[in-house]
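Report on the structure
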Amino acid sequence: MKTRWPLACFLLLAANGMGQTAYKIQTDFRTVTLRNPFLLQLRQPVQAIQSPSALPAELAQWEPVESINYGRLHYVGWARFTVRSESARTVWLELTTHFLDSLSVWTAQGTTPPVPVRGPATYRQQATHLAPVNHHYFLHALNLPAHQTTTVWVRGQVIPGDAMKFDVRLWAPRYFLTAQQRDIWGWAIFAGIVLSILGGVLIAFFFYQRTVYLLYACYVICLSAYALLNDGWGAFLPDSLAGFDSITSIVHWLNIGFGAFCLFSRRFLRVSGQQNRSVYRWPELLPMLIIAGATFLAQWAQRQEQEYIVKTAYVIGYAGFAGYGLIWLRYVVEAVKRQNHLVWLLIGAVSTLLIFFAVNSFLINLGVMRNPLPDMVALRIALLAELTILSAGWLYRRKLVQLARQQLEIQNRTLQAALIQTQESERQRIAADLHDDLGGTLATLRRRISDLYQYLPNALMTEQIDLLVPLTQKSSDDLRRIAHNLMPPEFSRIGLRHALEQLVGSQPAHPIQFSFVVSGTEQKLPLDTELNAYRIVSELIHNIHKHARANRAAIQLLYLDNRLSITVDDDGVGNQADSLPHQPAGIGLKNNHLRAEYIGATLWHHVSEAGTLVILEIPYPSTTE
């Protein structure tokens, strides 16, 4: 009696198979992706069912589908389809997924019992001898007899919390190999584009040394690794690296990639932190730690077969990714408020990837909608679209930065001109005030002292007055020298050459001996240029007195064909000053560079053991006919 139950079950299955439409394989068939009504999935799969003989036979228990998709509601699923071949042949069954924790395939003809099909049973066996050829998806060889209908059952199981979804395809072997080559070339092109982008980013980092380039490179590497591993190419990794090839471990790549992208977005949009505390300065750390912790928790719970904890960890992980979204949204809102046009490029780039993850993670994985494209084809399209838009945005950002720098340079030149003109106006005012007011007062004081001699009653008072005369004379000389340094008298008439000659001639003969040399035919420069050149040389002479410890110094004016070259050299301490305590550049040196830049000149310093040489190169103004 007991032996009749399996026979009755097989008869019911055979009758059920006869009731289901069979896909007829043509003689010249290449491939077919099974669609409704050829593909059926069990509506309510039970984990305890381990064999097709225990499956329900009623068609009402089976749902016609375009692809197998249980979402995250079930981690065990059954699929069934029926094919008929008019000739004996071998076809290859491809299930377009990598992450099945276990897989079993059976075939049966008519009322014969289901027979297991030899092939890869876990995702780590896809690139082994168990498959007809090494492949990153599950691949089985099905032997179809001539003029018979064959029913195929597929039982798949994923780790708790993961999504059960895949397409079912039948291939003629030679056409599969051709399609596999196209798939490999597609990934090779994708990898080539990614490597080209990484090469350009790393070259930019080498030249500019900006952290934003490394963050972008990290994002591209992590998302590309996620795409490759999620598409099953981890099956080709050696067993020592098998830890990278699991549905939960690849989340680490996604986690790091999203964190790097948030940091990249902050710098790309020039959004700064608002607080000093690290949790506010680096808000990306919080979701990164949450996702990492949830991933490790899910891996532990999977080993312990704790389904509830696994699902809880998945919920926590989704909350962490939502945190990334909120942080990124805050950066976007701040950039929009500052009217940063780069934000729209960033939104356009990210929208393609966000749509993919939103649709794939929430709609397809939950079984709400079917997947019109394989996951990784859609991900590759989304990634390439995003990287293309980001690259265009990067070029646009570089253009904006260059324009901003040009505007800043124009503003700096305007401020420099205003500063120098203000300095010259103040110098002229102070020189005039010293000469007219204090100079006149000292002259009056000298005359009054001279007038006192006729009223002095004795020789002692005369001697005391005599002591005041040289002091007043020295005060007058110092005043004249200071006023001369502030604004040489009649500078606009005598010009740069004679003003410098007077300046050098007024230097004391000891302890430094100054010399002045002129070579070439003198050419007049604009008054503003000559005056700033005079200020630079005057500051250099002051520095020689103060710092050089020199015995000799020379100032040379060389009127060349296209420029005036002024050299100031001394035989002072030179590079021996390196042994002295380091001191920052003084205001005078900074003003020299500022004045040189203002008049379009080049200021060049050379320090050696023999002393210091400074060369000021002033190009002649261009003349128009």
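For the structure given in this document, a descriptive report is provided here. If you're wondering where the values come from, they're calculated on a predicted model, not measured in any experiment. Each residue is numbered by its place in its chain's sequence as written, counting from 1. Reporting of local features is limited, given that this is a predicted model, to residues whose pLDDT is at least 70; pairs of side-chain atoms are given and counted only at 80 or more, and all residues count toward the totals for whole chains, interfaces and linings. Side-chain descriptors were evaluated using all non-hydrogen atoms of the structure, hydrogens and water having been removed beforehand.

Attention now moves to the side chain of Arg155. Secondary structure counts use DSSP, requiring at least four H or I residues in a row for a helix and at least two E residues in a row for a strand, with both numbered from the N terminus. Locating Arg155 in the fold gives a position in strand β11 (residues 148-157). Although Arg155 is buried, it forms no salt bridge, and the closest oppositely charged side chain is Asp101 at an N-O distance of 9.1 Å. In contact with Arg155, other than residues within four places in its own chain, are Gln47, Ile49, Gln50, Val76, Gly77, Trp78, Ser102, Leu103, Ser104 and Trp106. Summary of the burial criterion: residues with accessible area below 20% of their type's maximum are buried, those above 50% are exposed, and those between are partly exposed, where the area comes from a 1.4 Å probe applied to protein chains only. Charged-residue counts in this description rest on Lys and Arg as positive and Asp and Glu as negative, His and the chain ends being excluded. What counts as a salt bridge is simple: a side-chain nitrogen of Lys or Arg found within 4 Å of a carboxyl oxygen of Asp or Glu. Here, residues are in contact when the closest pair of their heavy atoms is within 4.5 Å.

Here we come to helix α6 (residues 285-303). Working rule for helices: expected span equals 1.5 Å times residues minus one. For α6, which comprises 19 residues, the first-to-last C-alpha distance of 27 Å matches the rise-based estimate of 27 Å (1.5 Å per residue) to within 8%. Considered for burial, the residues of α6 that qualify are Pro287, Ile291, Ala292, Ala294, Thr295, Ala298, Gln299, Ala301 and Gln302. Structurally, α6 contributes buried residues whose contacts are with α4 (250-268) and α7 (307-337). Two residues or fewer past α6, Glu305 is found with a positive phi of approximately 55°.

In this section: the nonpolar core. We call a set of buried residues a nonpolar core when its members are Ala, Val, Leu, Ile, Met, Phe, Trp, Tyr or Cys and they connect through side-chain atoms within 4.5 Å of each other. Counting 53 residues, the largest nonpolar core has Tyr216, Tyr219, Phe261, Phe264, Leu346 and Leu390 as the members making the most contacts within it. Only α2 (173-208), α3 (211-230), α4, α6, α7, α8 (342-364) and α9 (375-452) provide two or more residues apiece to this core. Among the elements that make up this core, the one with the highest residue count is α3 (11 residues). One finds Ile25, Leu40, Leu95 and Leu144 within the second-largest nonpolar core, a separate group that totals 43 residues.

This next bit is on the pairing of strand β13 (residues 168-171). In β13, alternate side chains face the same way, and those of Val168 and Leu170 on one face and Arg169 and Trp171 on the other are all buried. Bridging between strand β7 (residues 89-95) and β13 involves four bridges; their strand directions are antiparallel. When the bridges of β13 are listed, Trp92 appears paired with Trp171. If DSSP finds at least two bridges between two strands, the strands pair.

Turning our attention to the side chain of Asp569. Looking at the secondary structure, you find Asp569 in strand β16 (residues 563-570). Pairs of N or O atoms are called polar contacts if they sit within 3.5 Å, as long as, within protein, a hydrogen donor faces a hydrogen acceptor (for residues adjacent in sequence, only side-chain-to-side-chain pairs). Within the local environment of Asp569, its side chain forms a polar contact with the side chain of Arg552, the two groups lying 3.4 Å apart. If near-sequence neighbours (up to four positions away) are discounted, Asp569 is found in contact with Arg552, Ala553, Ala554, Gln556, Thr612 and Leu613.

For any two helices packed against each other, the geometry is given by the interaxial angle and the distance between the axes. Axis separation between α2 and α3 bottoms out at 9 Å; the angle between their running directions is 165°. Comparing their axes, α3 and α2 come out roughly antiparallel. Between α2 and α3 the crossing geometry is left-handed. Seen from α2, the contacting residues are Trp187, Phe190, Val194, Ile197, Leu198, Val201, Leu202, Ala204, Phe205 and Tyr208; seen from α3, they are Tyr213, Leu214, Tyr216, Ala217, Val220, Ile221, Ser224, Ala227 and Leu228. Side-chain classes are defined by residue name, with Ala, Val, Leu, Ile, Met, Phe, Trp, Tyr, Cys and Pro counting as nonpolar, Asp, Glu, Lys and Arg as charged, and the others, Gly among them, as polar. Of the residues assigned to the contact of α2 with α3, the class counts are 18 nonpolar, one polar and no charged. Convention adopted: a line fitted to C-alpha atoms gives each axis, helices being fitted over their contacting stretch, and angles between N-to-C directions are expressed from 0 to 180 degrees. Any angle between 65 and 115 degrees counts as roughly perpendicular, while under 35 counts as roughly parallel, over 145 as roughly antiparallel, and the rest as oblique. Note on convention: near helix rotated counterclockwise from far helix by under a right angle means a left-handed crossing. Clockwise means right-handed.

In this chain, His510 is followed by Pro511 through a cis amide linkage whose omega measures 0°. Summarising the element assignment, Pro511 is placed in the loop between α11 (491-505) and β14 (513-519). Phi is positive for Arg549, close to 55°, though the residue is something other than glycine. Examined against the element boundaries, Arg549 turns out to sit in the loop between α12 (527-548) and β15 (552-559). Residue classification places Arg549 among the exposed positions, given a relative accessible area of 61%.

Another point: a positive patch on the surface. Residues with no salt bridge and a relative accessible area higher than 30% make up the patches, which join like charges within 9 Å and nonpolar side chains (Val, Leu, Ile, Met, Phe, Trp, Tyr) within 5 Å. Per-residue accessibility takes into account occlusion by the displayed protein chains alone, with areas from the Shrake-Rupley method and a 1.4 Å probe. In plain terms, the charge of a residue is placed at NZ if it is Lys, CZ if Arg, CG if Asp and CD if Glu. Taken together, Arg210, Arg270, Arg338 and Arg405 make up a surface patch of like positive charges. Relative to the helices and strands, Arg338 resides in the loop between α7 and α8.

With that settled, consider the environment of Arg155. Residue classification places Arg155 among the buried residues on the basis of a relative accessible area of 5%. Taking the C-alpha atoms as reference points, Arg155 and Ala79, 76 residues apart in sequence, are found 6.6 Å from one another. From its side chain, Arg155 meets the backbone oxygen of Ile49 in a polar contact 3.1 Å long.

To continue, consider the environment of Tyr23. Examined against the element boundaries, Tyr23 turns out to sit in strand β1 (residues 23-25). In the structure, Tyr23 is positioned 61 residues away from Arg84 in sequence and 6.2 Å away in space, judged by C-alpha atoms. Beyond its immediate chain neighbours, meaning those up to four positions away, Tyr23 contacts Val32, Leu34, Phe38, Thr82, Val83 and Arg84.

What follows covers the sheet that holds β16. The five strands lie next to each other as β14-β15-β16-β18-β17, forming an open sheet whose pairing is mixed. At either margin of the open sheet sits one strand with a lone partner, and together these are β14 and β17 (602-608). The sheet shows a mean angle of 10° between the axes of neighbouring strands, taken without regard to direction. In this sheet, β16 lies alongside β15 in antiparallel orientation, the contact comprising seven bridges. Residue Ile555 lies in a different strand from β16, and its bridge partner there is Val568. Docked against the sheet, α11 engages β14, β15 and β16, running at close to 165° with respect to β14. Packed on one face of the sheet, α12 meets β14, β15, β16, β17 and β18 (611-619) and runs near 10° to β16.

So, on to the packing of aromatic side chains. Paired rings are identified among Phe, Tyr and Trp, the last through its six-membered ring, by centres lying within 6.5 Å, and are further divided according to the angle between planes into stacked (under 30 degrees), edge-to-face (over 60) and tilted (the rest). Tallying each qualifying case throughout the model produces 14 aromatic pairs. Taking the centre distance of 5.4 Å and the plane angle of 80° together, the rings of Phe258 and Phe321 count as edge-to-face. With Phe258 in helix α4 and Phe321 in helix α7, this residue pair connects regions lying 63 residues apart in the sequence. One exposure class covers both Phe258 and Phe321, and it is buried. In this structure an aromatic cluster arises from ring pairing among Tyr216, Tyr219, Phe261, Phe264 and Trp328. Only when the NZ atom of a Lys or the CZ atom of an Arg is both within 6 Å of the ring centre and within 35 degrees of the ring normal do we say a charge sits over the ring. Over the ring of Trp62 we find Arg80; its NZ or CZ atom is 4.6 Å from the centre of that ring.

Here we take up α2. Here α2 is 36 residues long and its end C-alpha atoms lie 52 Å apart, about the 52 Å a rise of 1.5 Å per residue gives. Every buried residue of α2 is listed here: Tyr175, Phe176, Ala179, Gln180, Trp187, Phe190, Val194, Ile197, Leu198, Val201 and Ala204. Of the residues trailing α2, Gln209 is marked for its positive phi of about 55°.

This paragraph deals with a nonpolar patch on the surface. The grouping of Leu286, Ile290, Leu297, Trp300 and Ile316 at the surface amounts to a nonpolar patch, some 410 Å² of accessible area in total. Top element by residues in the nonpolar patch is α6. It accounts for four residues. The topology assignment puts Ile290 in helix α6.

That is the geometry; function is a separate question.
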